[in-house]
Every structure is written in structure tokens, then in C-alpha cells.
Amino acid sequence: MTIKQYYKLALASCLTFCSIGSQAGIDTQTIQQTLNQAGLNAPVLGTQDSPLSGISTIKLGNGGQILISDDLRYLVAGSLEANPSPITPINPAVMADQPAGTPVSAAYKKALLANMSALPNMNEHSAFFHTNLPSLLWGVSGKGGVPFLVSKDAKYLASGDIGVLHDGQFSANDEAFEIAKNRHVLHALPEAALAIYPAIGKERAVVYVATDIHCPYCRMFHEKIHEFNQKGITIKAIGYPVYDESAKPMRKLWCETDNAKRATLLSAGMKGIFDKDTSCQSPVIDQTFLQTQALGIYATPAIYSDKGELFMGDFTGKSFYEFLGL
């Protein structure tokens, strides 16, 4: 079942429901029109306040629940669960709202982790980001890279993504949040994590690509890097081995600390030419993997614009240049 199908099942017959309308200042007819235009239909037994400001809980006919913002713009497929960890109140100033996609401050992260002692997959590599729902943060576990939602005070947890209702359309993900989050993650990568192929002449665009020396499509992309450079595109390659046989040779490549030389070695590696002596194993590759868990990379090449937009098309055609605004 897709995320959208879940929401459709979850939200049938919302026309019977008035309490959210009264909370949000929107009449039932407007609620009905908004949900119907988005194609979300399903039996709702009722609604109740959640412990989070600006969010209500919808009780479903199938026994499940979803969360909805009181302005009817955001949905979460799932329910809140109490954090089993001992909770220490967090200073409200530390929890101050920031634009969606912005990572929480170091002080805020420390306070959140202190309130997650009973959650075994949480550690210093976990990451947290502000969302368009001020009561909820988006997080990813430090171990396993599992995404989740957590209340800003860390008292409640939820699984699932934040869906968006806008202009009669439904999106299972908040694209604006995703782009901003990705941008912050990519821009935080140190130069040591990258193999950089600078634009030739005036730089017109920057592209990040998570790549693997044994990935066929990564090799195809790499073959076009010179062409991209000639078009004014700087390529920043992220060492991201997904093939088992790639891990050791790519760690060896990243033992080279000079960026230009590292880029040359990576280009050779894409042709199957690399040092078979892998006694040097740079920790940078594994550190980068942890730093980029919030990107949710599941295949390579994973291609991003400098803005944080993920490219899903054919990089060999004109759609790639159009994606970059060239």
C-alpha cells in the first residue's frame, strides 16, 4: 500500500466532522471541499486534541489514527507514542522555532538526546530538523538511519512523514522541507568528504552526487563530468559505497588528502583502476555516511542541486540542464 493510498483509506467521510473545523476556524463545507479536492476519502469516527499544540488526532474506523494540523495543511500517518525515556524539561529558548529544514542547534540536540536514553538507536550521529509543524521535529536515528518524528520537547514520538495539503493537491512528503533539509546536510559536508571537479570558466551551477566506483550508472555519470564542467557545472562527488566490494578501495581513495589528486584517483577507480593495497582505510567515508543519513540515500548515483533538490530524471539528456536552470 502506498502512502497516498493509506491517507485515502484513513480520511474517508471527513464531511461528518466538525470539531477540527471549529478548532481551525474553517467550516465543515470548506473541510469537505479541501479533502475531496485532494482525493482523500475514508470513515472518520471522531477527533480529539493531541498533547501537541496545533495538531489534532483523528480516530479512524479501522481502529487506527492519524494526526492533522488544525489549519488542515499537514497530515501525519500514525499516532503519537509516549517517549519511554526519563524526560528533563528543555529550556524554551533552546527550542525556539527555526525555518523548516534547519537543523537544531548543538544545545538543542544535546537536550533531545539526553531525553532519549531509553531509545537504543539514538547517539551523537542522530540528527534533528525543524519542520513546518512547530510542535514536531523530523529526526533520523544515529544507528540505522531510521527517520521518525519527535515532539519539540521530546515527550512524544511518531513514525511516518508529514504530508501536505495545498491548493487542492496532496503530497505524501513536504517537498519544501526536504529540499531545505538536504541543502543543510550537503552544505555542511567538509571538503575532505568530497572529490571536487570544478567548473571550467564561470561557474553556473553546483551538483552533489553520491557515487560508488562499482555502480554502472555512477560510471555513466562520471563519464559526463568533463562535459558538465565545460557547461559551467561544478561536480562535488560524495564517496558513498553501496556495493560491498567498493568499501575498501573507496576508503583507500579517500586516504589522499589533496582534493585534485583524490578526484583523479576517483576517476581512475570508476574505470576499475585502483590500488589493490587497501591497507590505508580512511575514516572519512564512514563519517560521511553518518553525516548524510538524513538524505535517505537508497541508491546511487544520488544527484542533488546546490539548493538540495533531488534529481530523478535522465542525466544524459537536456532535462538535467533544465533541472539546473541552464
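Reading the values: rules and limits
Residues numbered from 1 in each chain as written. Predicted model: local features only at pLDDT ≥ 70, side-chain atom pairs only at ≥ 80, totals over all residues. Heavy atoms only, no water. Disulfide = S-S within 2.5 Å. Helix = DSSP H or I, 4+ residues; strand = E, 2+ residues; numbered from the N terminus. Buried < 20%, exposed > 50% of the residue type's maximum accessible area, 1.4 Å probe, protein only. Pairing = 2+ DSSP bridges. Contact = heavy atoms within 4.5 Å. Axes fitted to C-alpha atoms, helices over the stretch in contact; angles between N-to-C directions. Salt bridge = Lys/Arg side-chain N within 4 Å of Asp/Glu carboxyl O.

In the nomenclature of an unreviewed UniProt entry, the protein chain is known as Thiol:disulfide interchange protein DsbC of Moraxella nasicaprae.

Draft legend 1. Fine view of the state of the cysteines. One pass over the structure, following the stated rule, counts 1 disulfide. The side chain of C255 participates in a disulfide bridge whose partner is C280; the two sulfur atoms lie 1.9 Å from each other. When the S-S torsion is -105°, as for the bridge of C255 with C280, the disulfide is left-handed. Of the two residues, C255 is situated in the loop between α8 (247-253) and α9 (259-269) and C280 in the loop between α9 and α10 (284-291); the sequence distance between them amounts to 25 residues. C255 sits in the partly exposed class, given a relative accessible area of 22%. C280 gets classed as partly exposed once you look at its relative accessible area, which sits at 33%.

Draft legend 2. Geometry of the pairing of strand β15 (residues 302-305). Here β15 shows no split at all, with A302 and Y304 on one side and I303 and S305 on the other all buried. As paired strands, strand β13 (residues 205-211) and β15 are joined by 4 bridges and run antiparallel to one another. Bridge pairing links Y208 to Y304 in β15. The antiparallel hairpin formed by β15 and strand β16 (residues 310-311) contains 4 residues in its connecting segment, where G308 sits at a positive phi of about 105°.

Draft legend 3. Local environment of the sheet that holds strand β5 (residues 81-82). Pairing is antiparallel in the open sheet, where 5 strands are placed in the order β5-β9-β8-β7-β6. A strand with exactly one partner marks an edge of an open sheet, and here the two such strands are β5 and β6 (127-130). This element, helix α4 (residues 106-114), spans β6 and β7 (136-140) of the sheet and lies at about 115° to β6. Across the face of the sheet, helix α5 (residues 175-187) comes into contact with β6 and β7 while running at roughly 135° to β6.

Draft legend 4. Main features of the pattern of salt bridges. Inspection of every chain in the model, using the stated rule, returns 5 salt bridges. In this structure, E178 and K181 form a salt bridge, with 3.2 Å as the shortest nitrogen-oxygen distance. Of this pair, E178 and K181 both sit in helix α5, separated by 3 residues, roughly a single helical turn. Across the salt bridge formed by D275 and K252, the nearest N and O atoms sit 2.9 Å from each other. Linking D275 in the loop between α9 and α10 with K252 in helix α8, this pair joins segments that are 23 residues apart in sequence.

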